Amino acid sequence: MIYENYKAIQEKINAACERAGRNPEEVTLIAVSKTKPNAMIQELYDQGVRDFGENKVQEMTAKYDALPKDIRWHLIGHLQRNKVKYIVDKAVLIHSVDSFRLAEAINIEARKRNIIADILIEVNVAQEETKFGITTDDVLFMIQEISDKLTNVRVKGLMTIAPYVSDPEENREIFRELKKLSIDIIDKNINNVSCDILSMGMSNDYEVAVEEGATLVRVGTSIFGERNYNV
Ligand SMILES: *Cc1c(COP(=O)(O)O)cnc(C)c1O
């Protein structure tokens, strides 16, 4: 049942790629498994799914310990600097870097372990006050600073969380803007920075996001069903 949902979404992603003239291999569907039990994750894993997303450090590390080691864990939620040490060598990609100080904390922990941590910069394109993420205007400056000063983090791209809207078309302009921003960054040729990854699109709007250039889509509810935060 869960895998049926997953496959149906993958089909829609492929169709969106076709509409946009994109190669479906450019897009990875991340199964956002927050609040969901290990058994559900294992069920997808057994069908070959490897990319999963979690938004809380403690939950991600518990699942990391319990589940197969070749799962690619994406940390997609807000990250506090004092918790970086728990996930820096467990997350394949940290999607939610929204300050230089956080990047600096990741750099310190990555250096201790002699690894390079791959990160995305979270951009609040929609300028929603309730959301994390830096403004579009600040992105270039921050990426330049990371490139100049931090040896053990590597910027791989951008992430945004679009507002919840009833009509996903309302978010098309936001996805377009993130794509445009990534092209500006690529054009600057900043040392050790690539901007090929665009993490955008959720259950409600991933098809529009793929049409506009998403390379990672983060889908939870449409795969696993509604989340219950009270249990
Ligand atoms: C929960 C979450 C998602 C998935 O949201 P759905 O609407 O359930 O698909 C995607 N991105 C982030 C950052 C999330 O926290």
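Residues numbered from 1 in each chain as written. Predicted model: local features only at pLDDT ≥ 70, side-chain atom pairs only at ≥ 80, totals over all residues. Heavy atoms only, no water.

J.: Which parts of the structure should I look at to understand the overall build of the protein chain?
T.: The secondary structure content of the protein chain amounts to 9 helices and 8 strands. In terms of overall dimensions, the protein chain is globule-like: its C-alpha atoms have a radius of gyration of 17 Å, near the 17 Å expected for 231 residues. Summarising its shape, the C-alpha atoms of the protein chain cover approximately 50 × 40 × 35 Å along the three principal directions. Of all 231 residues assigned to the protein chain, the portion counted as buried reaches 49%. Put simply, of all contacts in the protein chain between residues at least 6 apart along the chain, 60% involve residues at least 24 apart. (Helix = DSSP H or I, 4+ residues; strand = E, 2+ residues; numbered from the N terminus. Rg over C-alpha atoms; globule rule 2.2 N^0.38 Å. Buried < 20%, exposed > 50% of the residue type's maximum accessible area, 1.4 Å probe, protein only. Contact = heavy atoms within 4.5 Å.)

J.: In this structure, what is going on with the site of the ligand? I would like to understand it.
T.: Around the ligand, the neighbouring residues are Val32, Lys34, Ile76, Ile161, Met202, Ser203, Arg218, Val219, Gly220, Thr221 and Arg227. One of the side-chain N or O atoms of Lys34 is found 2.6 Å from an oxygen atom in the ligand. Within the side chain of Ser203, a nitrogen or oxygen atom sits 2.5 Å from an oxygen atom of the ligand. Because more than half of its atoms lie within 2 Å of the grid, the ligand is assigned to the largest pocket. Residues that form the shell around the ligand fall into these classes: 5 nonpolar, 3 polar and 3 charged. (Near = heavy atom within 4 Å. Polar contact = N/O pair within 3.5 Å; in protein donor to acceptor, adjacent residues only side chain to side chain. 1 Å grid on protein atoms, 1.4 Å probe; cavity = no way out; pocket = protein on both sides within 12 Å on 5 of 7 lines; lining within 4 Å. Sits in = over half its atoms within 2 Å of the grid points. Nonpolar A, V, L, I, M, F, W, Y, C, P; charged D, E, K, R; others polar.)

J.: Sorry if this is basic, but what is going on with the pattern of salt bridges here?
T.: Any two side chains of opposite charge can pair, on the condition that their charged atoms come close. Summed over all chains, the structure comprises 18 salt bridges. One salt bridge in this structure joins Arg72 and Asp51, with 2.9 Å as the shortest N-O distance. With Arg72 in strand β3 (residues 72-75) and Asp51 in strand β2 (residues 51-54), the pair connects residues that are 21 residues apart, well separated along the chain. Taking the relative accessible area as the measure of exposure, Arg72 reaches 38% and is therefore partly exposed. By relative accessible area, Asp51 is classed as buried at 12%. With a shortest N-O distance of 2.7 Å, Glu59 and Lys63 are connected by a salt bridge. Remark: Lys63 and Glu59 occur in helix α3 (residues 57-66); sequence separation between them is 4 residues, near one turn of the helix. (Salt bridge = Lys/Arg side-chain N within 4 Å of Asp/Glu carboxyl O.)

J.: I tried to follow empty space enclosed by the protein on my own but got confused; where do I start?
T.: Here the idea is plain: a probe the size of a water molecule rolls over the atoms and shows the empty space left. Applying the stated criterion across every chain yields a total of 1 cavity of 30 Å³ or more. Considering only enclosed or pocket space, the largest cavity measures out at about 30 Å³ in volume. The wall of the largest cavity is formed by Ile146, Ser147, Leu150, Val153, Arg154, Val155, Asn191, Asn192 and Val193. Those elements that place two or more of their residues in the lining of the largest cavity are α6 (136-149) and β6 (153-159). The element that contributes the greatest number of residues to the lining of the largest cavity is β6, accounting for 3 residues. (Points joined across faces, edges and corners; volume = space filled by probe spheres on them.)

J.: What is the right way to look at the nonpolar core in this model?
T.: General note: in soluble globular proteins, nonpolar side chains tend to be found buried as a group. Ranked by internal contacts, the top residues of the largest apolar core, which has 69 residues, are Leu44, Ile106, Ile121, Ile146, Leu158 and Ile223. If you tally residues by element for this core, the top one is helix α1 (residues 2-20), at 7 residues. Judged by nonpolar contacts, the second largest core, of 5 residues, contains Leu93, Leu120, Met159 and Leu216. (Core = buried A, V, L, I, M, F, W, Y, C linked by side-chain atoms within 4.5 Å.)

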